[in-house]
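Analysis of the macromolecular model
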Amino acid sequence: MKNKLVCITSGLVLALALWSVSGAAPQASPAPAQSGQGGGQPSMAAIQAACAEDAQKFCATMQPGGGRIVACLKEHKDSLSDRCRQAAGLPAKPSGSSAPSAADSPAKPSGSAAAPSVPAADSHAKPAATSKADPEPVVFNERWVKRTVVDAQQGGMNAVDTHLPESWHFEGKIEWHYGWVEVPVNPSWHAENPANSEAYIQYEALRLVNVEVAPQYRRYVKAAKPGERGPTGQINLAPMPPLQAMELFIKKTRGDVANLKWMGQQDLPELAKVLRLDPSPNQHGVAIKIGYDLDGKPVEEAFFGVYYLNKAGTQGVQIGQTKMAANSLVQTNWGFQALQSFRAPAGTLDKRMPVYCLIAKSVQYTPQWNMRYKAIDATLTQMFNQKLQQGWDQLRAAQAIQDQTMKDQAAFQANFDRQERAMFHDSGGGGGSSGGSGGGFLRDESHDHFSDLMRQVDTMNDPSSGGTKEVSNLGGYNHFTDGFGHYRSYDSPNDTPENTGENGSWTRMTEAP
């Protein structure tokens, strides 16, 4: 497989990030302007003053700080006032334009020799003039329109907007799974050019999970099969490196195509930032380009995705005699965000990358739907955590019942012993009718195994005291002590405190004679 994915990946990154280098003709980034100096970049104070009304209009729900307001204004750059655009160094807004313009087409900034080049805009790529009677912009000689993915399960709410060439077919869906707390919703859509094999496809997010269980607990946990979806919605699979994982996804998605060829691959460390994704641990963008035959004609397709991986273990838990050491269960959440692909007839993919980049850049979730999603996600998470807490509460209640049962048995045993002594031991006076010397039945002073059986205890030699200790056999018949008054019992002869996560030095107790 080749080491480079020619042109396309840089085209995607540059087109999506273009506004950050002025939004007009690409150029090398100038040095920051000093406050009060003429020329150069405008000061931040000037931009804030000029864009205050725009920030209130488009970003009122955003929490200030962390660059969120700036990012919000960038997302609405095509709708900003002329005053704000001028302060930010952007060209005046064409009348009637609200969709991507030719200024968004990717080109290679000067001084950026390290990045692969992208085809520069030429006469074919220049937009036609847009008049007031012709409100839809024309980009790359194609009229562009807005398409919307509607969330039918949320009352027909508009969820996602994107811009496409007007002639392209578009389909999208949003599926909610309220029982999958890790994957409650999965939007996806695709657009196709009816004139040829061109297509833009946005796949569902790929959420994967792997759980490592300590050896002593594996008999209690049912191992999930690779590829099996778990109760939280994630798919069980051991983690693998980003490019290898992307290759596996492509094989599953395009495994049945004819004449599959692997044409190139590339790391894209900045892809998550360019796509404005929320930060996740170990994010890493990757791309792979393939070729195959579609309806008997050769095509090329480039897949992009942002890999993530988050690994965490459980905390230590102690409930009565039940103890679980920290990291007895280690869960790895991993997968891909923003999984998408671009397809075109063989030999044209690189040239058509600016079109695909504009489509990707125009994708925007509506604020109303985002708020609805966050509210539902928070509710599902709260319900899930409540069930977890109920589970721990039930364990604590069961342990309390067991402890009380053992106390009741101990009280019963004490009373039984008193009755036994009254009935069978010599009271210290008087003779029996048979003329014996003691008045009463003689008893073997060694412990009574039959009595132990009735009382559900085992009498064991106790190294802690040098004597004997009655230990409940409800938990098993293999007893251990650490010599400091702590005892553990197990059913399995192979279990020991050490291999079940206990600390300290333990000795197997022997039965008293």
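Presented here is an overview of the structure given in this document.

Thresholds, definitions, all that
- Residues numbered from 1 in each chain as written.
- Predicted model: local features only at pLDDT ≥ 70, side-chain atom pairs only at ≥ 80, totals over all residues.
- Heavy atoms only, no water.
- Helix = DSSP H or I, 4+ residues; strand = E, 2+ residues; numbered from the N terminus.
- Contact = heavy atoms within 4.5 Å.
- Phe/Tyr/Trp six-rings, centres within 6.5 Å; stacked < 30°, edge-to-face > 60°.
- Buried < 20%, exposed > 50% of the residue type's maximum accessible area, 1.4 Å probe, protein only.
- Polar contact = N/O pair within 3.5 Å; in protein donor to acceptor, adjacent residues only side chain to side chain.
- Disulfide = S-S within 2.5 Å.

For Ile-250, the location among the structural elements is in helix H6 (residues 242-254). In this structure the C-alpha to C-alpha distance between Ile-250 and Ile-288, which are 38 residues apart in sequence, comes to 8.8 Å. For Ile-250, the contacting residues outside a window of four places in its chain are Gly-255, Trp-262, Ile-288, Ile-290 and Phe-303.

Next up on the list: the packing of aromatic side chains. One pass over the full model with this rule turns up 16 aromatic pairs. Linked through ring pairs, Trp-176, Tyr-178, Trp-189, Tyr-365, Trp-369 and Tyr-373 together constitute an aromatic cluster.

The next subject is the side chain of Gln-154. Positionally, Gln-154 belongs in the loop between strand E2 (142-151) and strand E3 (157-165). On the basis of relative accessible area, Gln-154 is assigned to the buried category, the value being 12%. Side chain to side chain, Gln-154 and Tyr-178 meet in a polar contact 3.0 Å long. When sequence neighbours within four positions are dropped, the list of residues in contact with Gln-154 reads Trp-176, Tyr-178, Arg-372 and Ile-376.

Another point: the state of the cysteines. Using the criterion set out here, one finds 1 disulfide in the structure. For Cys-51, the disulfide goes to Cys-84, at an S-S distance of 1.9 Å. The S-S bond linking Cys-51 to Cys-84 shows a torsion near 95°; that makes this disulfide right-handed. With Cys-51 in the loop between helix H2 (44-50) and helix H3 (52-58) and Cys-84 in helix H5 (residues 82-87), the pair connects residues that are 33 residues apart, well separated along the chain. Assessed through its relative accessible area of 4%, Cys-51 is described here as buried. Under the relative-accessibility criterion, Cys-84 is labelled buried at 2%.

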